Amino acid sequence: MAAWYGWILTLHLFCAIVFVGAVAFEVLILEGLTPAFAPAQMHVIEEVVQKRARRLMPFFVALLFLSGFALFSMRCPDFECVNTQFGIMLLTKVALAFGVLAVFMNAMWAGLHGRMDPCRFRITHRIVLGMMVAIVFLAKAMFYL
């Protein structure tokens, strides 16, 4: 399985880039467009982005979690690393990832049931982006701190 580690890590990083990038785009770019467009136009833009995200993101999130599980099992077999600084950061990262998943699934549910208003959209994406920034920080800190 160790021979696959590099491939799985690359897949994991690619999926993370897509997911974090999409959320960062929505928070940092899309929200900044609001003053430049009429509310009706902005609503159409947000709907188109949300529709595209609902089609693509479940695939990338599923691959992200599957590759994350594989990497965890390779780096910390039988949870042997949990009593180390590396393990504590890894478990914190995993907890944040499940937090992101919970918020993501809640947002998907709200969108499918017509309960994703613009305010909830912004707050959800800001929370997810903050958690993702923490995950990315921990991903690097695990190996360098």
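So, here is what we can say about the structure in this document.

Calculation criteria
Counting of residues starts from 1 at the beginning of each chain's written sequence and follows it residue by residue. Local features are withheld for residues below a pLDDT of 70 in this predicted model, meaning they are given only at 70 or higher, and side-chain atom pairs are given and counted only at 80 or more; totals for whole chains, interfaces and linings count all residues. Side-chain calculation: all heavy atoms of the structure are included, whereas hydrogens and water are not. Counting from the N terminus, the helices are DSSP H or I runs at least four residues long and the strands are E runs at least two residues long. In this scheme, a helix's expected span is set at 1.5 Å multiplied by one less than its residue total. Note on classification: 1.4 Å probe, protein chains only; a residue is buried when its accessible area is under 20% of the maximum for its type, exposed when over 50%, partly exposed between these limits. The criterion used for residue contact is that any of the two residues' heavy atoms lie within 4.5 Å. Disulfides are defined as pairs of cysteine sulfur atoms found within 2.5 Å of each other. Within this scheme a cavity is a closed region of a 1 Å grid, computed over the protein atoms alone, that accommodates a 1.4 Å probe without allowing it to escape, whereas a pocket is open but has protein on both sides within 12 Å along at least five of seven lines; lining residues each have an atom within 4 Å of a point. Grid points are joined across faces, edges and corners, and a volume is the space filled by probe spheres set on the points. Ten residue types, Ala, Val, Leu, Ile, Met, Phe, Trp, Tyr, Cys and Pro, are classed as nonpolar, four, Asp, Glu, Lys and Arg, as charged, and the remainder, Gly among them, as polar.

A closer look at helix 1 (residues 5–30)
Then comes step 1: Over its 26 residues, helix 1 runs 36 Å from end to end, which matches the ideal 38 Å to within 8%, given 1.5 Å per residue.
Then comes step 2: Those residues of helix 1 that sit buried are I8, H12, C15, F19, V23, A24, E26, V27 and L30.
Then comes step 3: Elements that come into contact with the buried residues of helix 1 comprise helix 2 (39–75), helix 3 (85–112) and helix 4 (118–144).

Here's the deal with the state of the cysteines
Then comes step 1: Applying the stated criterion to the full structure yields one disulfide.
Then comes step 2: Covalently, C76 is tied to C81 through a disulfide, its sulfur atoms 2.1 Å apart. The sign of the -110° torsion about the S-S bond sets the C76-C81 disulfide as left-handed.
Then comes step 3: Owing to a relative accessible area of 9%, C81 belongs among the buried residues under this scheme.

Notes on empty space enclosed by the protein
Then comes step 1: Under the counting rule described, the total for this entry stands at one cavity of 30 Å³ or more.
Then comes step 2: Each pocket or cavity is described by its volume, and for the largest cavity that value is around 260 Å³.
Then comes step 3: Listed by contribution, the elements that provide at least two residues to the lining of the largest cavity are helix 1, helix 2, helix 3 and helix 4.
Then comes step 4: In terms of residues, the lining of the largest cavity owes the most to one element, helix 3, which gives five residues.
Then comes step 5: The residue makeup of the lining of the largest cavity, split by class, is twelve nonpolar, four polar and two charged.

A short note on the layout of surface pockets
Then comes step 1: One number sums up the size of the largest pocket: a volume of about 830 Å³.
Then comes step 2: Lining of the largest pocket is provided by 30 residues; of these, H12, L71, K93, I135 and A139 occupy positions nearest its centre.
Then comes step 3: For the lining of the largest pocket, the secondary structure elements donating two or more residues are helix 1, helix 2, helix 3 and helix 4.
Then comes step 4: In terms of residue class, the lining of the largest pocket is made up of 25 nonpolar, two polar and three charged.

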